[in-house]
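Structure at a glance
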Amino acid sequence: MKTRFLNCLILLLAIAASATAQQKFTISGHIRCAETGEGLLGATIYVVELKTGEITNLYGFYSVTIPEGDYSIQYSYIGYESHILEVHLNGNFSNTIELEPTSFEMEEVVIVSEAADKNIMDPEMSVVKLSPKETKLIPVIFGEQDIIKTIQLLPGVASGSEGSSGFYVRGGSADQNLIILDEAPVYGASHLLGFFSVFNSDAIKDVELYKGNAPANYGGRLSSVLDIQMKDGNSKQFSTSGGIGLLSSRLTLEAPLVKDRGSFIVAGRRTYADMFLMFSKDPLKKNTDLFFYDFNAKANYKINNNNRIFLSGYFGRDAFNFADLFGTDWGNKTGTLRWNHVFGNKLFLNSSLIFSDYSYMIGYDISGSMIEISSGIRDWNWKEDFQYFINTRHTLKFGFNAIYHTFSPGKIESEDEEYFNSTFLDPKHSIESAAYFSHKMELSPRFIMTYGLRYSNLTSLGPDTVYTYNEMDEILSETAYGKGEVIYSYGTFEPRVSMNFIIDKQSSVKFSYARNAQYLHLLSNSSAALPTDLWISSSKN
């Protein structure tokens, strides 16, 4: 009896060892647009025989690890013709696929069907993905296409006031939204006193809005995350586009640096109301400035199959000066230098050096003397983001970043010291750092889970002087800190969990937990109605 048991045990162990030792290989590469060479983020790679697959990351990179064998692999993306590749997999190999865009009529059909499936399959909830093509179908103020105006029409999002480009997500305030353009934070996202946003739709490739529990790689805000990616440029041929509107005109140029290896895009937009004022007979109107402009630029170059570099920037400004009596001036500057590197065929690294600057000035003429009040914030940010494609059921993300903030609280400058003395508040310095990891796993075809942890830290630095006060607001003591000395530092852990229980092809139940809120989310889709959301939220301190 014992001999039979031992023989059975040995046989089972041998079978398990054989299954475990089954050799697996990896297919990796990029999915791009056949017309422009743009990387397609969120494209699907589906292994028909295994009924599983993967999606591309922000740069169009994918990695699929499956056992040795013969497979039919389907590459697809919304608005593009699918491509099926028959492979005999007996080793690792890299393969870049270019998909052809479909006609506009076919694109509408695909958007309806695939968007519904994505909502069901994705464990993340309250995520909306938009493309500039979709915004063209929505009428906006003065006929100017605007991504922010489209976002204001989404469920759970409200505008601050009629015509304003600010938005409020599920009770949060406008400053609780993290708005990033090619990873660079944009602090002042409006033009013309809030009537337009700073984002030129001709230069935008993709927009994602996280209205709920954002992934662990995002942080620093309480309400939502708006992640905007700029176009890479046409690496196939020179192309141009533009338009003339009621208030502004725009022009976009795209061309390859080296065909199929690198490209660039430049896009500009400017209003011209001030050009008509110069013909006025009224001296005050003739000397009035009233305009804003945007300038987007981006270039990329493929060094080899495992290395690509990107350089992008945004420059925008608003100016309103009523003769020499009153004026405002504000704007943003951003710059992002990125390096993509693939280790082997499973580990993807994106290294980023990011610059962001926002400044604001308002001026008054008082008794013949111009008084200017200004403030601003400047950031330098270093980021390292890793993505490890373990297999088709497990994907790991981890990384860290450190931001050096320089705050300029306020400065008053006067042309004539007789009435006002020029003064300023000392700049403040701090370092905001974070580290995170996130694991997405498919435990079964009906149960998908993503969990992660983020650690955030804020350190205030000198030079500065810290005062302590009594109940009468009298200074009891003061402590002076030198340049670079730590004034205070505090950090916190932010756990994040999202689970998706798939009921059928039309419905699923989602649960999400974050440090500050819990959500129970029921997502129901049908071909005849838009998705409906039901959640229960409870705050936790």
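**Description of the overall build of the chain**
- Of the regular secondary structure elements, the chain holds six helices and 36 strands.
- In the chain, which comprises 541 residues, the proportion classed as buried is 45%.
- For the chain, the share of sequence-separated contacts (at least 6 apart) that also reach a separation of at least 24 residues comes to 57%.
- Per element, the accessible surface of the chain, about 28000 Å² overall, is 60% carbon and sulfur.

**Let's talk about the environment of Tyr-46**
- Structurally, the position occupied by Tyr-46 is in strand E2 (residues 44-47).
- Between the C-alpha atom of Tyr-46 and that of Thr-392, which follows or precedes it by 346 residues, the distance is 9.6 Å.
- Contact partners of Tyr-46, with chain neighbours within four places excluded, come to Lys-51, Thr-52, Gly-53, Ser-72, Ile-73 and Gln-74.

**Concerning the confidence of the model for the chain**
- Residue-level pLDDT values for the chain average 81, and 83% of them are 70 or greater.
- Element-level pLDDT for the chain is lowest in strand E36 (residues 537-539), with a mean of 32, against a maximum mean of 94 in strand E13 (residues 184-185).
- Across residues 11-21, confidence stays below pLDDT 50; counting only partners more than four residues off in sequence or on other chains, it has zero contacts.
- This stretch, residues 105-116, has a pLDDT under 50; its non-local contacts, to residues over four places away or in other chains, come to ten contacts.

**Quick look at the pairing of strand E18 (residues 239-244)**
- The pairing of E18 with strand E19 (residues 248-258) spans six bridges and is antiparallel. Residue Gly-242 lies in a different strand from E19, and its bridge partner there is Leu-251.
- In sequence, E18 turns back onto E19 through a hairpin of three residues.

**Comments concerning empty space enclosed by the protein**
- One pass over the full model with this rule turns up three cavities of 30 Å³ or more.
- Size it by volume and the largest cavity reaches roughly 90 Å³.
- Taken together, Glu-124, Asn-213, Ala-214, Pro-215, Ala-216, Ser-438, Thr-450, Tyr-451, Gly-452, Arg-496, Val-497 and Ser-498 make up the full set of residues lining the largest cavity.
- Of all elements in the fold, only strand E29 (447-461) and strand E32 (486-504) reach the threshold of two or more residues within the lining of the largest cavity.
- Here the residues of the lining of the largest cavity are counted per class, giving five nonpolar, five polar and two charged.

**Description of the sheet that holds strand E17 (residues 224-230)**
- Read from one edge to the other, the open sheet built from five strands follows the order E9-E16-E17-E12-E13, with strand pairing classed as mixed. Both edges of this open sheet fall to strand E9 (127-130) and E13, since each of them pairs with a single strand only.
- By the bridge criterion, two bridges tie strand E12 (residues 177-181) to E13 in an arrangement that is antiparallel. When the sheet's bridge partners are listed, Leu-181 is paired in E13 with Ala-184.

**Considering the nonpolar core**
- Within the largest apolar cluster, 22 residues are counted, with the highest numbers of intra-cluster contacts made by Ile-151, Phe-167, Phe-199, Val-207 and Leu-226.
- Setting aside residues no more than four positions away along its own chain, Phe-167 makes contact with Ile-148, Ile-151, Gln-152, Val-157, Ala-158, Ala-174, Asn-177, Ile-179, Leu-209, Ser-224 and Leu-226.
- If you look at the next biggest cluster of nonpolar residues, it comprises 20 residues, including Ile-27, Ile-31, Ile-97 and Leu-99.

**Here we look at the sheet that holds E2**
- Taken in spatial order, the four strands of this open sheet run E3-E2-E5-E6, and their pairing is antiparallel. Of all the strands in the sheet, the pair left with one neighbour each is strand E3 (52-55) and strand E6 (83-89). When the angles between neighbouring strand axes are averaged without regard to direction, this sheet yields 20°.
- Taken together, the four bridges between E2 and strand E5 (residues 69-76) define a ladder with antiparallel strand orientation.

**Here's the deal with the pattern of salt bridges**
- Tallied over the entire structure, the rule returns 18 salt bridges.
- For Arg-338, the salt bridge goes to Glu-183, with nearest N and O atoms at 3.3 Å. Highlighted residues: Arg-338 in strand E23 (residues 326-343) and Glu-183 in the loop between E12 and E13, separated in sequence by 155 residues.
- Assessed through its relative accessible area of 2%, Arg-338 is described here as buried.
- The partner of Lys-298 in a salt bridge is Asp-232, and the shortest N-O contact between them spans 2.9 Å. Of this pair, Lys-298 sits in strand E21 (residues 289-304) while Asp-232 sits in the loop between E17 and E18, and the two are 66 residues apart along the sequence.
- Within this structure, Glu-38, Asp-182, Glu-183, Lys-205, Asp-232, Lys-298, Arg-338, Lys-383 and Asp-385 form a network of salt bridges that share partners.

**Considering the environment of Pro-67**
- Along the chain, the position of Pro-67 falls in strand E4 (residues 61-67).
- On the basis of relative accessibility, which here comes to 18%, the residue Pro-67 falls in the buried class.
- When the C-alpha atoms of Pro-67 and Leu-50 are compared, they prove to be 9.8 Å apart, with 17 residues separating the residues in sequence.

What counts as what
Residues numbered from 1 in each chain as written. Predicted model: local features only at pLDDT ≥ 70, side-chain atom pairs only at ≥ 80, totals over all residues. Heavy atoms only, no water. Helix = DSSP H or I, 4+ residues; strand = E, 2+ residues; numbered from the N terminus. Buried < 20%, exposed > 50% of the residue type's maximum accessible area, 1.4 Å probe, protein only. Contact = heavy atoms within 4.5 Å. Areas by Shrake-Rupley, 256 points an atom, 1.4 Å probe, with all protein chains shown as cover. pLDDT = per-residue confidence, 0-100. Pairing = 2+ DSSP bridges. 1 Å grid on protein atoms, 1.4 Å probe; cavity = no way out; pocket = protein on both sides within 12 Å on 5 of 7 lines; lining within 4 Å. Points joined across faces, edges and corners; volume = space filled by probe spheres on them. Nonpolar A, V, L, I, M, F, W, Y, C, P; charged D, E, K, R; others polar. Core = buried A, V, L, I, M, F, W, Y, C linked by side-chain atoms within 4.5 Å. Axes fitted to C-alpha atoms, helices over the stretch in contact; angles between N-to-C directions. Salt bridge = Lys/Arg side-chain N within 4 Å of Asp/Glu carboxyl O.

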